[in-house]
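Structural description and commentary
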There are 2 protein chains.
Amino acid sequence: METAARPLTRIQQEKREIILEAALDVFSANGFRGSTIDQVADAAGMSKPNLLYYFRSKEEIHATLMERLLHTWLAPLHEFDDGDDPITEIRGYIRRKLEMARDFPRESRLFANEILQGAPRIMSLLEGELKQLVDKKARIIRKWMRAGKIARTDPYHLIFAIWATTQHYADFDVQVRAVLGPDRDGEGRFEDAARFLEQLFIGSLRV
Amino acid sequence: METAARPLTRIQQEKREIILEAALDVFSANGFRGSTIDQVADAAGMSKPNLLYYFRSKEEIHATLMERLLHTWLAPLHEFDDGDDPITEIRGYIRRKLEMARDFPRESRLFANEILQGAPRIMSLLEGELKQLVDKKARIIRKWMRAGKIARTDPYHLIFAIWATTQHYADFDVQVRAVLGPDRDGEGRFEDAARFLEQLFIGSLRV
DNA sequence: GCAATTTTTGACCGGTTGGACAAAGGTTAG
DNA sequence: CTAACCTTTGTCCAACCGGTCAAAAATTGC
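Residues numbered from 1 in each chain as written. Chains lettered and ligands numbered in written order. Predicted model: local features only at pLDDT ≥ 70, side-chain atom pairs only at ≥ 80, totals over all residues. Heavy atoms only, no water.

**Looking at the relation of the copies chain A and chain B**
Turning chain A through 180° and shifting it by 0.0 Å along the axis lays it on chain B, with an RMSD of 0.1 Å. The two molecules are tied by a two-fold rotation axis, judged by turn and shift. Among all residues of chain A, the minimum C-alpha distance to the rotation axis is found for Ser204 of chain A, at 2.3 Å. Take the interface residues of chain A: 100% of them recur as interface residues in chain B, which is what a same-surface contact looks like. (Least-squares fit on C-alpha atoms with pLDDT ≥ 70 in both. Contact = heavy atoms within 4.5 Å.)

As structure tokens, then:
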């Protein structure tokens, strides 16, 4: 009584979830080409052929992972919206992005890996959905500037700078830790970063 | 009549140079594990066994490349020095780092790749040479702050932010281009970035 | 021109990897 | 119990990849 287009059973959904979780671990640590199906299968607690029963290929795992990741990834920018107080809005965006770097470093690294390789699989999304979203937010920022609520500057590069500085704490984590040294290790660095970034961005935007 | 430790012939030096140049191209585009010796040999215009006559292994090519890269990479930070005018000094550092992102994007990406993978091969350098260098520069910055020449903030996170924002234009180049769109493409984006970053950092540091 | 040395190459090898497949094991509905 | 279906696994394969090796080709020193 099922439809011709196979609906996923609950077991299938659960196993696919486990595999994606394992793949996120492995891919983000070793890169796509540096990872093997066996490693993912191992991390997922199943055999390679079993894994390939749920995903037809290594590529398909990666593609599925990327698709989900991008939704999560763009969420903070979607939330960024026209509000009474631009400073509050921007501060909130920075805070959310920094929290994502802290709570989802694997996702950040996987994304960074993809972009570094030239983003072959998500180029169309970057040029389409992402560009339009950024265009929209840039218009909001420009409006604030015209209204004299924040200092005039390039909204695109402002957004790039927020991305770069926040994601740095996920993507370059080992370097940050190495430079800060063992004494300044621990999650305290994220609070220091939050204070610093707020001062950096808000300080330069205040009129 | 040569000494026991074989001195490199001119041909050997030239060929090694050609190989390293080709390897930088290939490794920075595909990552170390995503690249094959054949690809490098191809790009260098020679056969694989011939390439392996000049470098004993793929690892050795990568290690040699990394070593050279790191010297170039830390040069701007070495130049950053105690001066009369902190603003000029910081502005100059930002400009030099941004120029490196523009002129040596492959080096930047290779470095980013290494850090992303956990920096297994250069960890000791990060914890040693790099940390000490940053510590030294952080002390200079703190001195400026105590003298009331720039606003008080965390010098380490300031340096991280400069790294992140400037390298972003090399490492995330495809994303930057995609978001700016075809009309804002071209090298003009680096000048826009320079103006923006100056305003961002100098604006927030001014007392 | 000839011998020693350096450079280049074709052929090959062992290990790894992505993926196929058929058969076995398990589950569910009647 | 049994037939149909879903899940799991052992085995296998072809392609790829890093690296070796011996022999050919080119270069160099005399």
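Anyway, onward from the coordinates.
**Some details on the confidence of the model for chain A**
Mean pLDDT over chain A works out to 93, with 95% of the residues at or above the 70 mark. Low pLDDT, under 50, characterises residues 1-5 of chain A; the stretch is placed with one contact to residues that sit more than four places away or in other chains. (pLDDT = per-residue confidence, 0-100.)

**As for helix H9 (residues 173-180) of chain B**
Working note: α-helix, 3.6 residues per turn, so residues spaced by three or four point in the same direction. For H9 of chain B, a buried count of seven out of eight residues is recorded, marking the element as mostly surrounded by other parts of the structure. Residues of H9 of chain B that are buried include every one of Asp173, Val174, Gln175, Val176, Ala178, Val179 and Leu180 of chain B, and no others. Where H9 of chain B is buried, its residues touch helix H6 (105-116), helix H7 (123-146) and helix H8 (155-171) of chain A together with helix H6 (105-116), helix H8 (155-171) and helix H10 (188-205) of chain B. (Buried < 20%, exposed > 50% of the residue type's maximum accessible area, 1.4 Å probe, protein only. Helix = DSSP H or I, 4+ residues; strand = E, 2+ residues; numbered from the N terminus.)

**Side note on the protein's contact with DNA strand D**
Near DNA strand D, the surroundings consist of 17 residues, among which Lys15, Asn50, Tyr53 and Tyr54 of chain A together with Lys58 of chain B are the closest. At the protein interface, 55% of the atoms of DNA strand D within 4 Å belong to sugar or phosphate. Contact between DNA strand D and Lys15 of chain A: a phosphate oxygen at 2.5 Å from a side-chain N or O atom of the residue. One nitrogen or oxygen atom from the main chain of Ser35 of chain B is found 3.2 Å from a phosphate oxygen belonging to DNA strand D. Mapped onto the surface near DNA strand D, the elements with two or more residues apiece are helix H1 (10-30) and helix H3 (48-54) of chain A together with helix H3 (48-54) of chain B. Looking at the surface near DNA strand D, the element that brings in the most residues is H3 of chain A, giving four residues. Among the residues making up the surface near DNA strand D, the classes are represented as seven nonpolar, seven polar and three charged. (Near = heavy atom within 4 Å. Polar contact = N/O pair within 3.5 Å; in protein donor to acceptor, adjacent residues only side chain to side chain. Nonpolar A, V, L, I, M, F, W, Y, C, P; charged D, E, K, R; others polar.)

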